[in-house]
Amino acid sequence: MMAIKNSVLGSYIAVGEILYEGQRLSIHTFRPLEVLTLAAAFFVAVILPLTLTAGAIERHVFLKYFRR
């Protein structure tokens, strides 16, 4: 259970850090649309496979242990 709490805390910090660096870069380059779009695409590229994997594991566990 502690690993889940730590990963949530880590993801909360990582999201803030990536958006902060994206904002800094967009201010420096005067291109906020491109930089923040790239940050959003990065989040989608990371979160989507993790979400699909978690759903597959959840289905597997449900069918193995809770199916009647």
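Structure report, in brief. These numbers were taken from a predicted model, which means no experiment stands behind them.

About the thresholds
Residues numbered from 1 in each chain as written. Predicted model: local features only at pLDDT ≥ 70, side-chain atom pairs only at ≥ 80, totals over all residues. Heavy atoms only, no water. Helix = DSSP H or I, 4+ residues; strand = E, 2+ residues; numbered from the N terminus. Buried < 20%, exposed > 50% of the residue type's maximum accessible area, 1.4 Å probe, protein only. Areas by Shrake-Rupley, 256 points an atom, 1.4 Å probe, with all protein chains shown as cover. Salt bridge = Lys/Arg side-chain N within 4 Å of Asp/Glu carboxyl O. Contact = heavy atoms within 4.5 Å. Polar contact = N/O pair within 3.5 Å; in protein donor to acceptor, adjacent residues only side chain to side chain. Phe/Tyr/Trp six-rings, centres within 6.5 Å; stacked < 30°, edge-to-face > 60°. Expected span 1.5 Å × (residues − 1).

**With respect to the overall build of the protein**
Turning to step 1, where the next piece is worked out: Secondary structure assignment for the protein yields two helices and zero strands.
Turning to step 2, where the next piece is worked out: A buried classification covers 7% of the 68 residues belonging to the protein.
Turning to step 3, where the next piece is worked out: In the form shown here, the protein has an accessible surface area of approximately 6,300 Å², with 72% of it arising from carbon and sulfur atoms.

**Side note on the pattern of salt bridges**
Turning to step 1, where the next piece is worked out: Tallied over the entire structure, the rule returns two salt bridges.
Turning to step 2, where the next piece is worked out: When the shortest N-O distance is used, the salt bridge between R31 and E34 registers 2.8 Å.

**A short note on the environment of S26**
Turning to step 1, where the next piece is worked out: Counting through the fold element by element, S26 comes out in helix α1 (residues 2-29).
Turning to step 2, where the next piece is worked out: Through-space distance from the C-alpha of S26 to that of L36 is 7.4 Å; in sequence the pair is 10 residues apart.
Turning to step 3, where the next piece is worked out: Sequence-distant contacts of S26, that is, excluding residues within four places in its chain, are made with R31, P32 and V35.
Turning to step 4, where the next piece is worked out: Polar side-chain contacts of S26 include one of 2.8 Å to the backbone oxygen of Q23.

**Here's the deal with the packing of aromatic side chains**
Turning to step 1, where the next piece is worked out: Considering all chains together, one arrives at two aromatic pairs under this definition.
Turning to step 2, where the next piece is worked out: Pairing F42 with F43 gives two aromatic rings, centres 6.1 Å apart and planes at 55°, and the pair type is tilted.
Turning to step 3, where the next piece is worked out: Take F43: its relative accessible area is 18%, and that puts it in the buried class.

**Points about helix α2 (residues 32-66)**
Turning to step 1, where the next piece is worked out: Under the 1.5 Å per step criterion, the end-to-end length of α2 is 48 Å for 35 residues, consistent within 8% with the ideal 51 Å.
Turning to step 2, where the next piece is worked out: Considered for burial, the residues of α2 that qualify are V35, A39 and F43.

Worth remembering: the numbers are spatial, not functional.
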